[in-house]
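Remarks on the overall topology
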Number of protein chains: 2
Amino acid sequence: MRATRFFISTTKEAPSEAELVSHKLMLRAGLIKRLGSGLYTWMPLGLRVLRRVEAVVREEMNRAGAIELLMPAVQPAELWEETGRWAVFGPQMLKIKDRHQRDFCFGPTHEEVITDVARREIKSYRQLPVNFYQIQMKFRDEIRPRFGVMRAREFLMKDAYSFHASKASLAETYQIMYDAYTRVFSRLGLTFRAVAADTGAIGGSASHEFHVLADSGEDLIAYCPDSDYAANVELAEAVAPATQRTAPQETLREVETPKQTTCEDVAALLDIPLTRTVKLIAGMVKGSAGEQMVALLLRGDHMLNEVKLGKLEGFSDFRLANEAEIRAVFNCSPGFLGPVGLDLAKIRVIADHTVAAMSDFVCGANKPKYHLAGVNFGRDLQEPDVVADIRNVASGDPSPDGQGTLQLCRGIEVGHVFQLGSTYSQAMNATYLDEAGKSQAMEMGCYGIGVSRIVASAIEQHHDEKGIIWPATMAPFWLVIVAIGYGKSEMVRQAADTLYAELIAAGHDVLLDDRDERPGVMFADAELIGIPHRVTVGERGLKDGVIEYQPRRAAPGQSGEAQKITLADATEFLTGLLGH
Amino acid sequence: MRATRFFISTTKEAPSEAELVSHKLMLRAGLIKRLGSGLYTWMPLGLRVLRRVEAVVREEMNRAGAIELLMPAVQPAELWEETGRWAVFGPQMLKIKDRHQRDFCFGPTHEEVITDVARREIKSYRQLPVNFYQIQMKFRDEIRPRFGVMRAREFLMKDAYSFHASKASLAETYQIMYDAYTRVFSRLGLTFRAVAADTGAIGGSASHEFHVLADSGEDLIAYCPDSDYAANVELAEAVAPATQRTAPQETLREVETPKQTTCEDVAALLDIPLTRTVKLIAGMVKGSAGEQMVALLLRGDHMLNEVKLGKLEGFSDFRLANEAEIRAVFNCSPGFLGPVGLDLAKIRVIADHTVAAMSDFVCGANKPKYHLAGVNFGRDLQEPDVVADIRNVASGDPSPDGQGTLQLCRGIEVGHVFQLGSTYSQAMNATYLDEAGKSQAMEMGCYGIGVSRIVASAIEQHHDEKGIIWPATMAPFWLVIVAIGYGKSEMVRQAADTLYAELIAAGHDVLLDDRDERPGVMFADAELIGIPHRVTVGERGLKDGVIEYQPRRAAPGQSGEAQKITLADATEFLTGLLGH
């Protein structure tokens, strides 16, 4: 492509509303243009990147045996009413009335539509398993669209749905798709982790999220550098301490803590590690006799995990207690609460595994301006009613697979695989006849990739102060020929045109910058746009028969500095770079 | 692709609501699946065809220098308010409110959005001309969606928009796009015509529609078989008769026509050609003194063309008169109206060119149950107030280009090119600085192709009683290998697999029908689906080292009957068919 026949539109400054580096760089490089809140036009340069990502996704879906189709974006409400999701999906779903006042939505996802297709098309176990996918613009009416295409309202998604005659077949396709996702993100040059995820409200039995690792990510992930283990922090298991509780060494005593209402402050005052303190979080759960108070005990440095807590029996509707409720039971203000001397008829005590293994700890005295030290279970208070894993894992915790210790990092979710089971097929009566001629509900899986979000996450991982550094598989152009004085110098024009024609003939996606711009502008654009390889053709070099090559990012073990290559060897040299 | 790893779902019968042959065959062949009124899922087989059409369109757009981008489907109302189209577009536009009750639409077209992009991106004449295109699902809330994807609500469209610094530049790009469209439809194997079209309410200076010729088409087209001339009947010029009016030969006389209220009936009664009769159509137009009656005179066999009439000065709001209005002026019931003896203070007479050249004609007598014969202008009534072209052309009329006579045919509109001029750029203030530094409104062109509609129109042109006959460029597969007893015969399996592998390796898109079906089912599916070439691999032939080849449609000069080819020569033979 010649720059003069393409549309390149870069700017020095990004609009002030752009916070993320990917959002800034996509606007500055002219990849996208804002139309409205969460709505972006993919400009020619950006669309080339998007299509490259889409192509890799499509190749790997086809390789995994998934079959592409294309469902309407506009979906009738009736299908959503069959699964009950019309009422519960919430304002994220863009609802529409047509000219006849019938209800539709701009599809945020397609479980209902594909299940409708399956129940009409699939009659027999002989047609199973089958795995359909599509690549399509979706719409989700985010309450606060932001970060450019990272959290846009209209976005490109690959969604796949598989149908099975057994859970074993579902598990098999799930693994095939898991492997395909791994290939997709690897081929796109992304550093990512597949993390075990919460199956949440939809039900279903297994689920993994694929996260691109980046400091700007919205999700917190726990992973083990020494193994494959990774999980969303909401789900990562905090392993119970391997060591037994030690026998009490200290006597129980009150300590004055006049202004110290947090474990951090108390530990500082007493000059003890935070890991010797215990905090009490008061909450309410619904029981047979109305709401009852519960006391959650966590080590001072640990964070409550409400997802894990909610999975304990009777805790699905847990909420934090308000100050009035706390005062009514503890007769004390928050900040000095503790588990000693509680009225156990009114309050249940749930201790995290770590707390249950502690002795000689410090906690609130249920008396304003006082804490207790040298506290021990069995001696100073009863053993907890329940001991469970109710905290977030922390950096340095043992990995649940026993292979090392956990680290925390942030991630951007770009993919999700999910064993749905028969939730949708039962609700919509999507059945098949099994070998015995008996009607059975199909097992289902669903598998999503945020195609447009991948573009932004790749930039979060691959950029420097000059701009984007595209992974080779995603780059809008593989190489740019910067022709200095193309319009003025016959020598430059001939050399650049010849090299360009040779590389195009060899099947490479090359940009020839034949614009009438200053060299500095052309270099800055090439760097901002992030084209992996650059050659500069100028009169000065050509007089010696050479042109200059420079990679956007130094190859491993290379300096990355500009190097001269002879014009005669250029095509061979550049073709040899493929794959770097 | 192996049939057992693909999704083929054919049926013997089409649902009764399908009227058009293309709609029936698309449903029977399993190309599409209905989701709701005017909403279709493109099943795997159908999507392959759609993508092939899309690929040809994209290639020709790129070759024409258009640059691909992708705008959001969801558009803010504010932009449409700038051009005034939010109010006037009507219920075809699907209007949406987001969670903040802001107005949006699911874009039926993108003039406003692209003009917004252009006014932000284009500052100087040096950036012009530029031509952007996208291929995207559009939504138009048709009052009566029908004919499958021929008139669906959600449909795939290629829309391009060009911006220019002069009308000459616009005309140049218009011609380039016109030529590109010609290549697109030619490559897709369609019989089509580019017809001059009405520029209608949008304004603009030139417009052509591209029609695929088919009896089921909704549009009537006049074309000259001896030249390139073609126009929508609404627009085709009816050339004024070359010969002068002859002198009166007959005397004016009343003839009794007791039950004859149409020209056809009168001509039959009098045993004269219909071309000797004149009909009067009474209508109303708004004048300075309120509505006034007008009498339109047309030859008995001609049809009024309201588009042409509406372009006459003072006729833009023409409507037909009702019976009360007619009786008030003519004192006679419709069916016996004529131009003789009218009160010319109350009524203006507009004659079509053909009528103005007639003598000795027959018309109504303004007296129930009577007509007049031997009527002549000048002698029996005044010359008409206005003589103009106000009729549809008829088959056999001279072609306006003087190259022969016109024929009529029906067409399906699949493309439209349009010189918009500066209507949108002025309304939205899309300006650039010219060479003198002066701000100017950009000239615009727009160019659409109905990608999904092409699939249906191709079937209208290419089918037989067995099913679809795809043009080669559009076929979902180029060739099908029907392997009889694939699962049972090792000999068949080996031969079919080898041939399949060789053809795939040579880059061909081949379907291997390895299903456990009866030969008749496999043959019928291949014919219904319309795959251009078929080879049959069976044990009987293989014992003699042969397989059978049969084309879906006989090549010109060929019988189209099955022929035996040796297995050894098969790949060479089949590869040699490419392009047929």
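Being a predicted model, the structure only gives us computed values, none of them experimental.

1. What to know about the overall build of chain A
- Assigned secondary structure in chain A consists of 16 helices and 31 strands.
- Across the 580 residues of chain A, 54% fall into the buried class.
- Partitioning the contacts of chain A with sequence separation of at least 6, the portion at a separation of at least 24 is 69%.
- As displayed, chain A offers around 24300 Å² of accessible surface, 49% of which is attributable to carbon and sulfur atoms.
- Seen as two clouds, the 63 positive and the 76 negative side-chain charges of chain A have centres 4 Å apart.

2. Focus on the pairing of strand 30 (residues 546-551) of chain A
Residue and element names in this part refer to chain A.
- Pairing of strand 29 (residues 533-537) with strand 30 involves four bridges; the strand directions are antiparallel. Within strand 30, the position partnered with His533 by the bridge is Pro551.
- Pairing of strand 30 with strand 31 (residues 563-566), which is carried by four bridges, proceeds in the antiparallel orientation. Across the sheet, Ile547 pairs through a bridge with Ile565, a residue of strand 31.

3. Topic: the interface of chain B and chain A
- Listed by partner, the interface residues are 55 residues for chain B and 55 residues for chain A.
- When the two sides are added together, the surface that chain B and chain A hide from each other amounts to roughly 4600 Å², 64% of it contributed by carbon and sulfur.
- Summed over the three residues of chain B that lose the most area to chain A, namely B:Leu35, B:Leu70 and B:Arg99, the buried surface amounts to 16% of that side.
- Where chain B meets chain A, there are six salt bridges.
- A salt bridge links B:Lys33 to A:Glu121; the shortest N-O distance between them is 2.9 Å.
- At the junction of chain B and chain A, the tally comes to 14 residue pairs in polar contact (both at pLDDT 80 or more).

4. Quick word on the domain arrangement of chain A
- Domains assigned within chain A are domain 1 (45-216 + 412-459), domain 2 (253-388) and domain 3 (477-578).
- Computed over C-alpha atoms, the centres of domain 1 of chain A and domain 2 of chain A are 42 Å apart.

5. Observations concerning the relation of the copies chain B and chain A
- Overlaying chain B on chain A yields an RMSD of 0.2 Å, the required transformation being a rotation through 180 degrees with an accompanying axial translation of 0.0 Å. Look at the turn and shift together and you get a two-fold axis relating the two. Of the C-alpha atoms belonging to chain B, the one lying closest to the rotation axis is found on B:Ile96, 2.9 Å away.
- An overlap of 100% is found between the interface residues of chain B and their copies at the interface of chain A, pointing to a shared contact surface.

6. Remarks on helix 14 (residues 519-529) of chain A
- When we look at burial in helix 14 of chain A, the residues that qualify are A:Met522, A:Asp525, A:Ala526, A:Glu527, A:Leu528 and A:Ile529.
- Contact partners of the buried residues in helix 14 of chain A: helix 1 (21-28), helix 2 (44-63), strand 26 (467-468), strand 27 (479-483), strand 28 (510-513) and strand 29 of chain A.

7. A look at the side chain of B:Arg85
Residue and element names in this part refer to chain B.
- Here Arg85 is to be found in helix 4 (residues 85-88).
- Among the polar contacts listed, one links the side chain of Arg85 to the side chain of Glu112, at a separation of 2.8 Å.
- Excluding residues within four positions of it along the chain, Arg85 makes contact with Trp80, Met93, Thr109, Glu111, Glu112 and Tyr424.

8. Focus on the pattern of salt bridges
- With the rule as written, the count across this model stands at 96 salt bridges over all chains.
- For B:Arg85, the salt bridge identified is with B:Glu111, shortest N-O distance 3.0 Å. Taken as a pair, B:Arg85 in helix 4 and B:Glu111 in helix 5 (residues 111-121) lie far apart in primary sequence, 26 residues in all.
- B:Glu250 is paired through a salt bridge with B:Arg276; the nearest N and O atoms lie 2.8 Å apart. Of this pair, B:Glu250 sits in the loop between strand 12 (230-232) and strand 13 (253-256) while B:Arg276 sits in the loop between helix 7 (263-270) and strand 14 (278-287), and the two are 26 residues apart along the sequence.
- Judged by relative accessible area, B:Glu250 falls into the partly exposed class, the value being 23%.
- A single salt-bridge network, built from bridges that share partners, covers A:Arg51, A:Glu54, A:Arg58, A:Glu68, B:Arg51, B:Glu54, B:Arg58 and B:Glu68.

9. Let's talk about helix 6 (residues 167-187) of chain A
Residues and elements named next belong to chain A.
- Taking 1.5 Å per residue as the helical rise, helix 6 with its 21 residues ought to reach 30 Å, and the 30 Å between its terminal C-alpha atoms agrees with that figure.
- If you check which residues of helix 6 are buried, you get Ser169, Leu170, Thr173, Tyr174, Met177, Ala180, Tyr181, Val184 and Phe185. Projected down its long axis, helix 6 shows its buried positions confined to an angular sector of 135 degrees, all on one face. Exposed residues pointing more than 90 degrees away from the buried face of helix 6 are listed as Ala168 and Glu172.

10. With respect to the environment of A:Gln563
Residues and elements named next belong to chain A.
- Looking at the element boundaries, Gln563 is found in strand 31.
- The exposure class of Gln563 is partly exposed, given its relative accessible area of 35%.
- Taking the C-alpha atoms as reference points, Gln563 and Met303, separated by 260 residues in sequence, lie 53 Å from one another.
- Once residues lying within four places of it in the same chain are set aside, the contact partners of Gln563 are Ile547, Glu548, Tyr549 and Phe573.

11. Observations regarding unusual backbone geometry
Residues and elements named next belong to chain A.
- Note that the residue after Leu128, namely Pro129, is joined by a cis bond; omega there is -5 degrees.
- Along the chain, Pro129 turns up in the loop between helix 5 (111-121) and strand 7 (130-139).
- The phi dihedral of Lys369 falls on the positive side, at around 70 degrees, and the residue is not glycine.
- You can see Lys369 is positioned in the loop between strand 18 (361-364) and strand 19 (370-375).
- Overall, the relative accessible area of 48% leaves Lys369 in the partly exposed class.

12. Regarding the sheet that holds strand 17 (residues 347-352) of chain A
All names here are of chain A.
- In space, the five strands of this open sheet follow the order 16-14-15-17-20, with mixed pairing throughout. Lying at the two open borders of the sheet, with one neighbouring strand each, are strand 16 (319-320) and strand 20 (386-388).
- One ladder, built from two bridges, connects strand 14 (residues 278-287) with strand 16; its direction is antiparallel. Residue pairing in the sheet places Met284 in a bridge with Arg319 of strand 16.
- Sheet contacts for helix 9 (residues 323-330): strand 14, strand 15 (290-299), strand 16 and strand 17; angle to strand 15, the most-contacted strand, approximately 85 degrees.

Cut-offs and rules
Residues numbered from 1 in each chain as written. Chains lettered and ligands numbered in written order. Predicted model: local features only at pLDDT ≥ 70, side-chain atom pairs only at ≥ 80, totals over all residues. Heavy atoms only, no water. Helix = DSSP H or I, 4+ residues; strand = E, 2+ residues; numbered from the N terminus. Buried < 20%, exposed > 50% of the residue type's maximum accessible area, 1.4 Å probe, protein only. Contact = heavy atoms within 4.5 Å. Areas by Shrake-Rupley, 256 points an atom, 1.4 Å probe, with all protein chains shown as cover. Lys, Arg positive; Asp, Glu negative; His and termini not counted. Charge placed at Lys NZ, Arg CZ, Asp CG, Glu CD. Pairing = 2+ DSSP bridges. Buried area = accessible area lost by both parts, 1.4 Å probe. Salt bridge = Lys/Arg side-chain N within 4 Å of Asp/Glu carboxyl O. Polar contact = N/O pair within 3.5 Å; in protein donor to acceptor, adjacent residues only side chain to side chain. Domains from an automatic or database assignment. Least-squares fit on C-alpha atoms with pLDDT ≥ 70 in both. Expected span 1.5 Å × (residues − 1). Arc of directions from axis to C-beta. Axes fitted to C-alpha atoms, helices over the stretch in contact; angles between N-to-C directions.

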